[in-house]
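# Chains, contacts and geometry: an overview
What follows is the residue order along each chain.
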Amino acid sequence: MAYGKKLSLKAKLTLLYTTLMAAVVCAALVLLFSVSNQEILSTVQRKLRDRVAEATEDVTYRNRDLHFDSDLMELKDNVYISLYDTNYVIPYGFDQTTQFQDGNLREVASGNVRYYVMDMSSLVDGYGDILIRGITSVAEAEGNFKAILRAAFIVFPLIVVFAALLGYGMTKRTLAPVKKITETVQDIRRKSDFSRRIHLGEGKDEIYTLAATFDGMLDQVESSIQREQQFTSDVSHELRTPIAVILMQCDALLERKDLDSQIREEIGVIQKKTAALSQMVSQLLILSRADQG
């Protein structure tokens, strides 16, 4: 918790954005792997079915002999085709317990290798039934899936780094107005210049609303200060006249010869205090004018 308080808002938002993006990408990859694995296996099974179905059209019976197209026995789409009569012999190296199942596609293990097996019977005119078996290895499909998996492990860190950089850029751009607000307020506090404003411009999000609120508050503060300065200036002006009159009257009384010493002394005290008050009012007026520029 204390460590989180030491992080800047920019760092927190970048970390949050990166974490969310990594989680989304990770979930997407898991879904992609699941769908890809099923799709790859489905593609292999579909190719096996199609290849066996094509093989039924490549066998003909002429002149008391079976004839095959030249590409029937070629390895196509990694599917191995074998033909048998009703007394078929299972190919060498394949699990000999695998019996013929017409129209059934199934997975069979032979040693450490797994195969898809598709059996189909076909009627050849003039000859009778023949048995067609297609065999393809599951290893290729699994190899393709593993290749995709390895590529994902390489791409995933790059995606996370890209998400972090993108998140940092977006966060920096989003928080740029906040930085301007902070710098402006600090400058106002340092220079006591309440005429400064943030002026972010037009905007409807929370940051622009905050800036407009600050500007409005500064308007009120500046207006209050101006009213206070004007009041001080007005009061100082208004006090100068009666103070000047008091000083003049004191001077006039002190010039009289018929005053006894006690009254003269009391008038002298009034004159001294009034002079001090006049000096204070003059200083207050100078300060007020200085504040007003």
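What you see is a predicted model; the values in this text were computed from it and never measured.

This part covers the overall build of the chain. Tallying secondary structure elements over the chain gives five helices and six strands in all. Each helix (α) and strand (β) of the chain, taken in turn from the N terminus, gives the series α-α-β-β-β-β-β-β-α-α-α. Here the chain, with 293 residues, has 27% of them falling under the buried criterion. Looking at the chain alone, contacts between residues at least 24 apart form 54% of all its contacts between residues at least 6 apart. Counting every atom, the chain has about 20200 Å² of accessible surface; 58% of that belongs to carbon and sulfur.

This part covers the sheet that holds strand 5 (residues 113–124). What links the strands of a sheet is backbone hydrogen bonding, and the strands pair in either a parallel or an antiparallel sense. One open sheet accounts for four strands, arranged 3-6-5-4; its pairing is antiparallel. Edge strands, defined here as strands with exactly one partner in the open sheet, are strand 3 (80–84) and strand 4 (105–110). Going across the sheet, the axis of each strand differs from the next one's by a mean of 30°, ignoring polarity.

Attention shifts here to the environment of Gln271. Structurally, Gln271 can be placed in helix 5 (residues 261–291). Look at Gln271 and you get partly exposed, because its relative accessible area is 21%. Separated by 21 residues in the primary sequence, Gln271 and Cys250 place their C-alpha atoms 5.9 Å from one another. Excluding residues within four positions of it along the chain, Gln271 makes contact with Leu247, Cys250, Asp251 and Leu254. Within polar-contact distance, the side chain of Gln271 engages the side chain of Asp251 at 2.2 Å.

Moving on to the pattern of salt bridges. For the structure shown, the criterion picks out five salt bridges. One salt bridge connects Asp119 with Arg106, and the closest N-O pair in it is separated by 2.7 Å. A residue pair is termed long-range when its members are at least 10 positions apart, and Asp119 in strand 5 and Arg106 in strand 4 qualify at 13 residues. Here Asp119 and Arg106 have matching classes, each one buried. Ionic pairing is found between Asp187 and Arg190, a salt bridge with its closest N-O pair at 2.8 Å. Here Asp187 pairs with Arg190, and both are found in helix 3 (residues 138–191), just three residues apart, close to one helical turn. Connected via shared salt-bridge partners are Arg106, Asp119 and Arg133.

This part is about the environment of Ser121. Position of Ser121 among the secondary structure elements: in strand 5. The spatial distance from the C-alpha of Ser121 to the C-alpha of Thr56 is 8.3 Å, given a sequence separation of 65 residues. Dropping the residues within four chain positions of it, Ser121 is found in contact with Phe100, Asp102, Ile130 and Leu131.

The subject of this paragraph is helix 4 (residues 206–254). Taking 1.5 Å per residue as the helical rise, helix 4 with its 49 residues ought to reach 72 Å, and the 71 Å between its terminal C-alpha atoms agrees with that figure. Among all positions in helix 4, only Ile207, Ala211, Asp215, Leu218, Gln229, Thr232, Ser233, Ser236, Ile243, Leu247 and Cys250 are buried.

Our next topic: the nonpolar core. Counting residues in hydrophobic clusters, the biggest one holds 16 residues, and the most contacted among them are Leu48, Val52, Ile81, Tyr116 and Ile132. Listed by contribution, the elements that provide at least two residues to this core are helix 2 (9–55), strand 5 and strand 6 (128–137). Among the elements that make up this core, the one with the highest residue count is helix 2 (five residues). The residues contacting Val52, other than those within four sequence positions of it, are Ile81, Met118, Met120, Ile132 and Gly134. Core analysis: the next-biggest nonpolar cluster, separate from the first, contains five residues, Ile198, Leu200, Ile207 and Ala211 among them.

A cluster of nonpolar residues, Leu9, Leu13, Leu16 and Leu20, forms a patch on the protein surface that exposes about 360 Å² of accessible area. Tracing the chain through its elements places Leu20 in helix 2.

Here the focus is the side chain of Asp187. In this structure Asp187 comes out as buried when scored by relative accessible area, which is 9%. Engagement of the side chain of Asp187 in a polar contact is seen with the side chain of Arg190, the distance being 2.8 Å. Setting aside residues no more than four positions away along its own chain, Asp187 makes contact with Ser192 and Arg196.

Further remarks concern the confidence of the model for the chain. Summarising the model, the chain shows a mean pLDDT of 77, and 86% of its residues fall at 70 or more. Here helix 1 (residues 2–6) is the element of the chain with the lowest mean pLDDT, 55, and helix 5 is the one with the highest, 84. Counting interchain partners and residues more than four positions distant, the pLDDT-below-50 stretch residues 88–96 has 23 contacts.

What counts, and where the lines are drawn
Just so you know, the residues in each chain are numbered from 1, in the order the chain's sequence is written. Side-chain atom pairs in this predicted model are given and counted only at pLDDT of 80 or more, local residue features only at pLDDT of at least 70, and totals for whole chains, interfaces and linings cover all residues. The basis for the side-chain values is all heavy atoms of the structure; hydrogens and waters are excluded. Only DSSP runs of H or I reaching four residues or more are called helices, and only runs of E reaching two or more are called strands; each is numbered from the N terminus. Throughout, exposure labels follow a simple rule: accessible area from a 1.4 Å probe, protein chains only, divided by the maximum for the residue type, with under 20% read as buried, over 50% as exposed, and the rest as partly exposed. Between two residues, a contact is recorded if the distance between any of their heavy atoms is within 4.5 Å. Per-residue and other accessible areas were derived by the Shrake-Rupley procedure at a 1.4 Å probe size, with only the shown protein chains allowed to occlude residues. Here the rule is simple: two strands pair whenever DSSP picks up at least two bridges between them. The angle between two axes is taken between their N-to-C directions and runs from 0 to 180 degrees, where each axis is a line fitted to C-alpha atoms and a helix contributes only its stretch in contact. In protein, a polar contact requires one atom able to donate a hydrogen and another able to accept it; more generally it is a pair of N or O atoms within 3.5 Å, and residues adjacent in sequence count only if both atoms are side-chain atoms. Salt bridge, as used here: a side-chain nitrogen of Lys or Arg that lies within 4 Å of a carboxyl oxygen of Asp or Glu. For a helix, the expected span equals 1.5 Å multiplied by the residue count minus one. Take the buried residues of types Ala, Val, Leu, Ile, Met, Phe, Trp, Tyr and Cys, join any two whose side-chain atoms come within 4.5 Å, and each joined set is a nonpolar core. To count toward a patch, a residue needs a relative accessible area over 30% and no salt bridge; like charges are then connected within 9 Å, while nonpolar side chains (Val, Leu, Ile, Met, Phe, Trp, Tyr) are connected within 5 Å. Summary of the metric used: pLDDT quantifies the predictor's per-residue confidence within the range 0 to 100.

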